[in-house]
Each structure stands twice: as C-alpha cells, then as structure tokens.
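Descriptive analysis of the structure
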Amino acid sequence: MSWKQGLLLGLAIFLISSLVRLPAALLAEPLAEQNIFAQGLSGSIWSGRAAALSAKVNGQIIPWGEVSWSLAPLSVFSLSPTLEFRTQLGQQSMAGRMTVAGTESVTLTQLTGQIPASLARLFAPVSLGGQLIFEFDELLWGKTGGVRRVEGTLVWREATWVSSVDRVPLGVYQLSLSSPEDTIRGVVSSSAGTVPANGELQYADGNYAVDLLVQPEGYGQQRLRQTLALIAQPEGDAFRIKLAGQL
C-alpha cells in the first residue's frame with residue numbers, strides 16, 4: 001500500500017468514526033423544524049433515545065413520552081434519513097419507520113400504535129372516550145398542510161361519548177383510509193355496540209366533508225339522540241350527519 005492509499009484509508013476511517021460518534025442532540029433542531037420536539041436526548045444519531053417526545057398538532061402539543069430509535073447509516077448519504085422508532089407513554093404508544101426528505105415533510109411507514117380518543121378535541125369540539133388503534137402502511141405528514149397522504153386503518157375501541165352528566169357507550173368503529181389522487185378518503189363502519197354507524201369522509205387541500213348515518217338504539221341512548229338532533233337530520237330512526245369545512 002502506498003502512502004497516498006494509506007492516507008486516504010486513514011482519512012476514511014477517521015470520518016466514519018467521527019460520524020458514528022455524532023451525538024443525538026444534533027437531531028433536536030431538524031426535528032423541531034417538523035414541529036416534533038425531543039428532550040433529554042442521549043446516545044448517538046445512529047442509535048439513541050429521548051426522555052420526552054412531543055408533536056405540535058393544530059397549535060397544541062401532544063406528548064408521546066419516551067422514544068428510542070435506530071438510524072439506517074446509508075440513508076444519510078442519500079439525503080433522506082430513515083430511522084426506526086418506538087415511543088411509550090402509559091397506554092399511548094407508537095412504532096414505525098420515519099423518513100425525512102428535506103424540511104417540508106415526513107413520511108411514516110409500517111406505523112402502528114394507539115392513542116386516547118380524547119385527543120379528538122384537537123380537531124373538533126367533542127369529548128370522547130376509548131382508545132384509537134391505528135395501523136398505517138404509509139402516512140405523509142407535511143409541515144404546513146398536516147396529513148397529505150395515508151393508507152391504513154383506524155379502530156375506535158370502547159368508544160364512548162362523554163356528556164356533561166354521563167358517559168354513553170357507543171361500540172366499536174373502524175375507519176379505512178386511502179388517498180387516491182391527492183384526496184384522502186375514509187369509509188366508516190361499526191362492528192359492535194348500541195350505536196351503529198356507517199358513512200364516508202373526504203379531505204383535500206384543507207377542506208373536509210363528512211357524511212355519516214348514525215342510529216342510536218335503546219333507552220340509554222336518549223340523551224345522545226337529543227344531542228344528534230341539534231347537528232343532524234332525522235332519517236327514519238337514524239340521524240344523517242353531514243359536515244363540511246376547512247381545517
């Protein structure tokens with residue numbers, strides 16, 4: 001080996017070893033640009049953890065608790081860093097793969113987890129109980145436009161409507177999501193409970209439309225029927241909820 005080859009090899013080893021030792025704290029700023037905030041960072045950018053992770057959604061902060069990750073080294077050189085991660089905060093958890101392309105969007109794949117249904121208050125003036133279980137093959141999140149593309153399902157288990165005086169059990173619901181032609185479409189169905197519901201939703205360019213048919217059953221659903229009468233149109237024994245607006 002010539003001295004030039006030895007010098008190049010030594011330089012390559014030095015650069016690789018320096019990259020491997022890069023501290024996890026370097027991720028704080030690029031994540032913050034995506035409205036994702038990490039505190040208590042430790043380890044390296046390749047394999048590390050944060051004591052507390054949170055994300056800003058609709059102007060409010062959602063905590064995700066402790067997070068650990070592993071970064072694929074070759075993805076850094078393609079300028080699309082990809083990491084596998086896992087979060088945990090009580091019964092709230094998430095795991096999947098995240099790819100950051102530029103500063104405007106984050107793509108999540110093989111994404112699974114669960115969150116409390118009470119977080120729906122971030123998007124609508126409602127009070128709900130139960131757990132939202134999600135499984136997405138792909139979810140594209142834009143810094144300014146929120147969700148741009150999604151493929152997967154969302155299941156609402158132990159669904160509960162919380163009023164000022166009581167809690168009304170609803171059932172189990174599934175929302176199947178897809179995004180053909182830059183439009184997010186969802187199909188709602190119910191599989192159990194005393195309040196069957198089915199319908200569709202659509203979201204594109206910040207505009208949404210919802211069309212649901214809800215049919216409360218039994219004496220215990222009387223208060224829910226009274227509330228639905230304020231926002232929905234009667235359709236036989238059921239109520240048709242049609243909403244449209246901008247997020």
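Quick notes on the rules
- Residues numbered from 1 in each chain as written.
- Predicted model: local features only at pLDDT ≥ 70, side-chain atom pairs only at ≥ 80, totals over all residues.
- Heavy atoms only, no water.
- Helix = DSSP H or I, 4+ residues; strand = E, 2+ residues; numbered from the N terminus.
- Buried < 20%, exposed > 50% of the residue type's maximum accessible area, 1.4 Å probe, protein only.
- Contact = heavy atoms within 4.5 Å.
- Areas by Shrake-Rupley, 256 points an atom, 1.4 Å probe, with all protein chains shown as cover.
- pLDDT = per-residue confidence, 0-100.
- Phe/Tyr/Trp six-rings, centres within 6.5 Å; stacked < 30°, edge-to-face > 60°.
- Core = buried A, V, L, I, M, F, W, Y, C linked by side-chain atoms within 4.5 Å.
- Pairing = 2+ DSSP bridges.

**Brief notes about the overall build of the protein chain**
Secondary structure summary: the protein chain contains four helices and 14 strands in total. Considering the protein chain as a whole, with its 247 residues, one finds that 36% of them fall into the buried category. For the protein chain, the share of sequence-separated contacts (at least 6 apart) that also reach a separation of at least 24 residues comes to 35%. Summed over its atoms, the accessible surface of the protein chain is roughly 14500 Å², and 58% of this surface lies on carbon and sulfur atoms.

**Considerations on the confidence of the model for the protein chain**
Within the protein chain, residue pLDDT values average 81, and 85% of them lie at 70 or more. Within the model, the stretch residues 3-18 combines pLDDT values under 50 with two contacts to residues more than four positions away or in other chains.

**Thoughts on the packing of aromatic side chains**
Inspection of the entire model under this criterion finds two aromatic pairs. Here Trp156 and Tyr173 contribute two aromatic rings whose centre-to-centre distance is 5.7 Å and whose plane-to-plane angle is 40°, an arrangement assigned as tilted. Here the residue Trp156 occupies a position in strand β8 (residues 146-162), and Tyr173 occupies one in strand β9 (residues 167-178), the gap between them amounting to 17 residues. We note that Trp156, like Tyr173, is buried.

**Brief notes about the nonpolar core**
With 53 residues, the main nonpolar core has Trp64, Phe85, Met98, Leu111, Trp156 and Leu170 as its most contacted residues. If sequence neighbours within four positions are ignored, Phe85 has contacts with Val67, Ser68, Trp69, Met94, Ala95, Gly96, Arg97, Met98, Leu108 and Leu111.

**A word on the pairing of strand β5 (residues 92-101)**
The pairing of strand β4 (residues 82-89) with β5 spans eight bridges and is classified as antiparallel. Along β5, the bridge assignment pairs Phe85 with Gly96. Pairing between β5 and strand β6 (residues 105-116): eight bridges, direction antiparallel. By the bridge assignment, Arg97 is partnered in β6 with Thr109.

**Some remarks on unusual backbone geometry**
Most peptide bonds adopt trans geometry, and most residues besides glycine take a negative phi value. You will see that Gln110, though not glycine, has its phi angle at about 50°, which is positive. With respect to the element layout, Gln110 can be found in strand β6. The residue Glu158 is not glycine, and still its phi comes out positive at about 50°. Mapped onto the secondary structure, Glu158 falls in strand β8. Its relative accessible area of 65% is what places Glu158 among the exposed residues.

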